[in-house]
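Listed below are the residues making up each chain.
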Amino acid sequence: MLPAQWVCRRCITALARPLNRPFIRFASTNTTNALPPALLERARNISREHDQLVTTLESNFDTKTAKRVGELSRVATALKEWDTAQSSIAELTALLESKDAKDEELEQLAREELSSTHSSLESLSTALSASLTPRDPFADMPCMLEIRPGPGGTEGRYFADAVLRMYRLYCSRVGLRTQVVKYEVAEGSDSGGANELPLQEAVLEIQDAGAYDRFRGEAGMHRVQRIPSTEKNGRTHTSAVAVWVLPSFPEESTSELDTNNPDSIFYVNPSEVREEKMRASGAGGQHVNKTESAIRLTHEPTGITVSMQDSRSQHTNRKSAWALLQSRIAQRRREEREEAAWALRNSVLSKDRITRGDKIRTYNYSQDRCSDHRSGLDVHNLPDVLAGGETLDKIMTSAKEWLIQRDIQALIAEEEATASAATSKDFKKAKR
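These notes cover the structure that comes with them.

1. Some remarks on the overall build of the chain
Part 1 of the reasoning: Within the chain, the regular secondary structure consists of eleven helices and eleven strands.
Part 2 of the reasoning: Counting over 432 residues, the chain shows a buried share of 37%.
Part 3 of the reasoning: Here the analysis covers contacts within the chain between residues at least 6 apart in sequence; of these, 63% occur between residues at least 24 apart.
Part 4 of the reasoning: On the chain, roughly 25900 Å² of surface is accessible, and the fraction owed to carbon and sulfur atoms is 49%.

2. Notes on the packing of aromatic side chains
Part 1 of the reasoning: Under the counting rule described, the total for this entry stands at three aromatic pairs.
Part 2 of the reasoning: Ring centres of Tyr167 and Phe215 lie 6.1 Å apart, and the angle between their planes is 80°; this geometry places the pair in the edge-to-face category. One end of the pair, Tyr167, is in helix H5 (residues 154-174); the other, Phe215, is in helix H6 (residues 211-215), with 48 residues separating them in the sequence.
Part 3 of the reasoning: With relative accessibility at 0%, the residue Tyr167 sits in the buried group.
Part 4 of the reasoning: Among the aromatic side chains, those forming a connected cluster through ring pairs are Tyr167, Tyr170 and Phe215.
Part 5 of the reasoning: Lying over the aromatic face of Trp244, Arg148 brings its terminal NZ or CZ to 5.3 Å of the ring centre.
Part 6 of the reasoning: One residue, Arg226, lies across the ring of Tyr365, its end atom 5.1 Å from the ring centre.

3. Things to note about a negative patch on the surface
Part 1 of the reasoning: There is a patch of like negative charges on the surface, built from Glu335, Glu336, Glu338 and Glu339.
Part 2 of the reasoning: For Glu338, the position within the fold is in helix H9 (residues 314-348).
Part 3 of the reasoning: Residue class for Glu338 comes out partly exposed when judged on its relative accessible area of 45%.

4. Here we look at the side chain of Thr65
Part 1 of the reasoning: Among the secondary structure elements, Thr65 is positioned in helix H3 (residues 63-97).
Part 2 of the reasoning: Once you skip the residues sitting within four places of it in the chain, Thr65 turns out to touch Leu53 and Leu57.

5. Considering the sheet that holds strand S7 (residues 294-299)
Part 1 of the reasoning: Pairing within the open sheet is antiparallel, and its three strands lie in the order S6-S7-S8. The sheet terminates laterally at strand S6 (273-278) and strand S8 (304-308), the two strands that pair on one side only. On average, each strand axis in the sheet is tilted by 15° relative to the strand beside it, whichever way the strands run.
Part 2 of the reasoning: Note that S6 and S7 share six bridges and pair antiparallel. By the bridge assignment, Met278 is partnered in S7 with Ala294.

6. Examining the packing of helix H2 (residues 37-59) against H3
Part 1 of the reasoning: For the pair H2 and H3, interaxial distance at closest approach is 8 Å and the crossing angle is 130°. Between H2 and H3, the interaxial angle falls into the category oblique. As H2 packs across H3, the resulting crossing turns out to be left-handed. In this structure, H2 contributes Leu40, Ala43, Arg44, Ile46, Ser47, Glu49, His50, Leu53, Val54 and Leu57 to the contact, and H3 contributes Thr65, Ala66, Arg68, Val69, Leu72, Ser73, Val75, Ala76, Leu79, Trp82 and Asp83.

7. A word on the packing of H2 against helix H4 (residues 104-132)
Part 1 of the reasoning: One way to put it is that H2 packs onto H4 with a least axis distance of 10 Å and a crossing angle of 65°. Our classification of the angle between H2 and H4 gives roughly perpendicular. When you trace H2 past H4, the crossing you get is left-handed. Touching Leu39, Arg42, Ala43 and Ile46 of H2 are Leu128, Ser129 and Leu132, all from H4.
Part 2 of the reasoning: Grouping the constituent residues of the contact of H2 with H4 by class yields five nonpolar, one polar and one charged.

8. Focus: the pattern of salt bridges
Part 1 of the reasoning: Taken as a whole and assessed by the stated rule, the structure comprises 24 salt bridges.
Part 2 of the reasoning: A salt bridge links Asp213 to Lys400; the shortest N-O distance between them is 3.1 Å. Highlighted residues: Asp213 in helix H6 and Lys400 in helix H11 (residues 390-431), separated in sequence by 187 residues.
Part 3 of the reasoning: With a relative accessible area of 17%, Asp213 lands in the buried category.
Part 4 of the reasoning: The salt bridge partner of Arg296 is Glu276, with a shortest N-O separation of 3.9 Å. Of the two residues, Arg296 sits in strand S7 while Glu276 sits in strand S6, which places them 20 residues apart along the sequence.
Part 5 of the reasoning: Judged by its relative accessible area of 27%, Glu276 falls in the partly exposed class.
Part 6 of the reasoning: The network of salt bridges with common partners includes Glu146, Arg148, Lys182, Glu184 and Glu201.

9. What to know about the pairing of S7
Part 1 of the reasoning: Counting buried positions along S7 gives five out of six residues, so the element sits mostly inside the fold.
Part 2 of the reasoning: Bridge count for S7 against S8 is five bridges, and the pairing is antiparallel. Of the residues in S8, the one forming a bridge with His299 is Ile304.
Part 3 of the reasoning: Linking S7 back to S8 in an antiparallel pair, the connection comprises four residues, with Gly303 at a positive phi of about 80°.

10. As for the sheet that holds strand S5 (residues 237-247)
Part 1 of the reasoning: Reading across from one edge, S2-S3-S1-S5-S4-S9-S10-S11 is the order of the eight strands in this open sheet, with mixed pairing throughout. Looking at the sheet topology across the chains shown, the edges are occupied by strand S2 (178-185) and strand S11 (378-380). Strand after strand, the sheet turns through a mean of 15° between neighbouring axes, direction not considered.
Part 2 of the reasoning: Along the sheet face, H5 touches strand S1 (143-149), S2, strand S3 (199-206), strand S4 (220-226), S5 and strand S9 (359-364) and points at about 15° away from the line of S3.

Thresholds applied
Residues numbered from 1 in each chain as written. Predicted model: local features only at pLDDT ≥ 70, side-chain atom pairs only at ≥ 80, totals over all residues. Heavy atoms only, no water. Helix = DSSP H or I, 4+ residues; strand = E, 2+ residues; numbered from the N terminus. Buried < 20%, exposed > 50% of the residue type's maximum accessible area, 1.4 Å probe, protein only. Contact = heavy atoms within 4.5 Å. Areas by Shrake-Rupley, 256 points an atom, 1.4 Å probe, with all protein chains shown as cover. Phe/Tyr/Trp six-rings, centres within 6.5 Å; stacked < 30°, edge-to-face > 60°. Lys NZ or Arg CZ within 6 Å of the ring centre and 35° of its normal. Patch = residues over 30% accessible without salt bridge, like charges linked within 9 Å, V, L, I, M, F, W, Y side chains within 5 Å. Salt bridge = Lys/Arg side-chain N within 4 Å of Asp/Glu carboxyl O. Lys, Arg positive; Asp, Glu negative; His and termini not counted. Charge placed at Lys NZ, Arg CZ, Asp CG, Glu CD. Pairing = 2+ DSSP bridges. Axes fitted to C-alpha atoms, helices over the stretch in contact; angles between N-to-C directions. Parallel < 35°, antiparallel > 145°, perpendicular 65-115°, else oblique. Left-handed = near helix turned anticlockwise from the far one by under 90°. Nonpolar A, V, L, I, M, F, W, Y, C, P; charged D, E, K, R; others polar.

This is the structure we're talking about:
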């Protein structure tokens, strides 16, 4: 008879435990801490401001207040959904911990509901954190994709054409309106594989509102690894394409031309304009000197001044002066928007940064793989990516989620730094 194998006491204890113990994730698991306290406090402050402004609007409507309510509603809604999930978790946990709960079917339903709510809580926390991040000022605008070949010589130009085609096919599939604003091909070069032309530069305008927010994650260096059609020895070449994503300022719509619409570039707040009545000067007889028919308008925030005395009617001169003032202010605002867009273009990807080290994505033909280096997502079925298919959707979504997480982390760091500075200041006061 063989001697029994020796087993330690700890192993015996572990083996004696029941194998199918039910696991319940109670509220004490500290789910609230999944959201940093600093962000939660900020969200509650914004929600309180939202509720106060809504109450104010009910008794006295104001355009600026209504606009502010719209800006805060995203946070208020996200916080409400998050609080609802927290309340559900607390109620279900209390039900399962109750000694009076003897109904097995009810208990099983409560477990399933608790598990489902915990699963949704993470996404609700992310949504709440994202709502607190500053919204890009160009998020709701159309956009332009500027595509240029980077390092890699002629092969980079061929792939630039492939990238342009990829985005055009994607827009066609999802129903976005596009227009090729610029398409410049290098002279003296033949077409490459897959009917690709040696693209020197291309600009694709995506005309639908919100296109900038959809495509802003595409800005950067796109690297390709493939065997060129001109390669005789079968070697893999590496080249790159630079993509800029710029806001596109469309022609003014009817609402933008409305001088009474605060969102219009032609809108001028009357309280910001100083009006002066003067006697007209110049030829025109005795009437010119005796009546104050001339009008001078000064827009105090910008210093723009308009004078009008063409008519003998003060009312007509005032109307003409306002029209001219609105046009000049609109032109100033348009120039400022274009300057902001130009600054954004340089910040997105300056020419001196067009190097392979700045790559955001790799398209590897031999491995049938597309990798986003920011989100860490690898997908296969490269032909579907280059055809603007659903696989490209996955890549673009992962990049957008990465951008949101980056903004959230920056916001958390900012809130923690502010809280730390406040604590340090209070400590010094108490020490004195």
